[in-house]
Amino acid sequence: GDQVEQSPSALSLHEGTSSALRCNFTTTTRSVQWFRQNSRGSLINLFYLASGTKENGRLKSAFDSKELYSTLHIRDAQLEDSGTYFCAARVSGSALGRLHFGAGTQLIVIP
Amino acid sequence: EAAVTQSPRNKVAVTGGKVTLSCNQTNNHNNMYWYRQDTGHGLRLIHYSYGAGSTEKGDIPDGYKASRPSQENFSLILELATPSQTSVYFCASGDGGGRPEQYFGPGTRLTVL
């Protein structure tokens, strides 16, 4: 079944605004990775978290293993932030290193 | 930054034909993975490997074989390609332990006619 529920499925933001993407996990999760897929289809690593929060420029991510969710905050959105964002979970009980992906959030940043 | 390359980048095959997708990583990672991406499904795991000589089934292995002849190389083999295997295929590598992040190749777009 689906172990990673990602929302929203699509999002439009005006330049300069901020928003958050969310992943809910249906089972115990050891860590999460966030990726952005660009227009050429490449998957770009954004964050890896086993707990807590990480920040990189205008992006900030948090992972709460107890409450079974992770978030990705985008601050001051820019046109180059457009793309599809995926979270992927390492689920307890799964073979070492395996990732379970959410269905993605398609983000469009509007000038 | 970890380096994972895939070849070919694009492939058109005929139904019933054999297709081999290749992946190479220069990171000395133990683990390698093959995923496919279809609209609405994110990425789904097909096969993975813990090291040279090992292959394991992922979530959707039917119709696919894998081969890990060396630490650096991991191939995905479609012995009898079908149109339902038209997809974008991604290879990834990672260590799973001290460096658990996975790094992805650029993807291979496969069309089976």
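All residue numbers here refer to positions counted from 1 along the written sequence of the relevant chain. Each chain takes a letter, starting from A, and each ligand takes a number, starting from 1, following the order in which they are written. In keeping with the predicted nature of the model, local features appear solely for residues at pLDDT of at least 70, side-chain atom pairs appear and are counted solely at 80 or more, and the whole-chain, interface and lining totals rest on all residues. To obtain the side-chain values, all non-hydrogen atoms of the structure were included, while hydrogens and water were left out.

Caption draft 1: Summary view of the sheet that holds strand β3 (residues 19–25) of chain A. All names here are of chain A. A pair of strands counts as paired when DSSP detects no fewer than two bridges linking them. Helix and strand definitions follow DSSP, with helices as H or I runs of at least four residues and strands as E runs of at least two, each counted in order from the N terminus. Spatial ordering of the open sheet is given by β1-β3-β8-β7-β6, a layout of 5 strands whose pairing is antiparallel. If you trace the sheet from one side to the other, it starts and ends with β1 (4–7) and β6 (52–56), each paired once. Across the sheet, the mean angle separating the axes of adjacent strands is 15 degrees when strand polarity is ignored. Sheet topology note: the strand β7 (residues 59–64)/strand β8 (residues 69–74) ladder contains 6 bridges and is antiparallel. For helices, the fitted line uses only the C-alpha atoms of the stretch in contact; every axis is such a line through C-alpha atoms, and the angle between N-to-C directions lies from 0 to 180 degrees.

Caption draft 2: Main features of the sheet that holds strand β3 (residues 19–25) of chain B. Residues and elements named next belong to chain B. If you walk across this open sheet you meet the 4 strands as β1-β3-β8-β7, and the pairing is antiparallel. Lying at the two open borders of the sheet, with one neighbouring strand each, are β1 (4–7) and β7 (65–67). On average, each strand axis in the sheet is tilted by 20 degrees relative to the strand beside it, whichever way the strands run.

Caption draft 3: Quick look at the state of the cysteines. Residues and elements named next belong to chain A. Throughout, a disulfide means two cysteine sulfur atoms within 2.5 Å of one another. In total, this model carries 2 disulfides over all chains according to the counting rule given. Two residues, C23 and C87, share a disulfide whose sulfurs are 1.8 Å apart. Linking C23 and C87, the disulfide has an S-S dihedral of approximately -100 degrees and is accordingly described as left-handed. One end of the pair, C23, is in strand β3; the other, C87, is in strand β9 (residues 83–91), and 64 residues separate them in sequence.

Caption draft 4: Quick peek at the pairing of β6(A). All names here are of chain A. Summarising burial for β6: 0 of the 5 residues are buried, a small minority. Across 5 bridges, β6 lies against β7 in antiparallel orientation. Looking at β7, one finds that N56 is bridged to L59. In textbook terms, the turn of a hairpin is the stretch between consecutive antiparallel strands, and for β6 and β7 this stretch comprises 2 residues, one of which, G57, has a positive phi near 65 degrees. Note on exposure labels: buried denotes an accessible area under 20% of the residue type's maximum, exposed denotes more than 50%, and partly exposed covers the range between, all computed with a 1.4 Å probe on protein chains only.

Caption draft 5: Local environment of the pattern of salt bridges. For salt bridges, the criterion is a side-chain nitrogen of Lys or Arg within 4 Å of an Asp or Glu carboxyl oxygen. Under the criterion given, the structure shown has 5 salt bridges over all chains. The partner of D59(B) in a salt bridge is R98(A), and the shortest N-O contact between them spans 2.5 Å. Placement of D59(B) in the loop between β6 (56–57) and β7 and of R98(A) in the loop between β9 and β10 (100–101) is noted, with the two residues assigned to different chains. The salt bridge involving R44(B) is made with D38(B); its shortest N-O contact spans 2.9 Å. The class for R44(B) is partly exposed, based on a relative accessible area of 26%.

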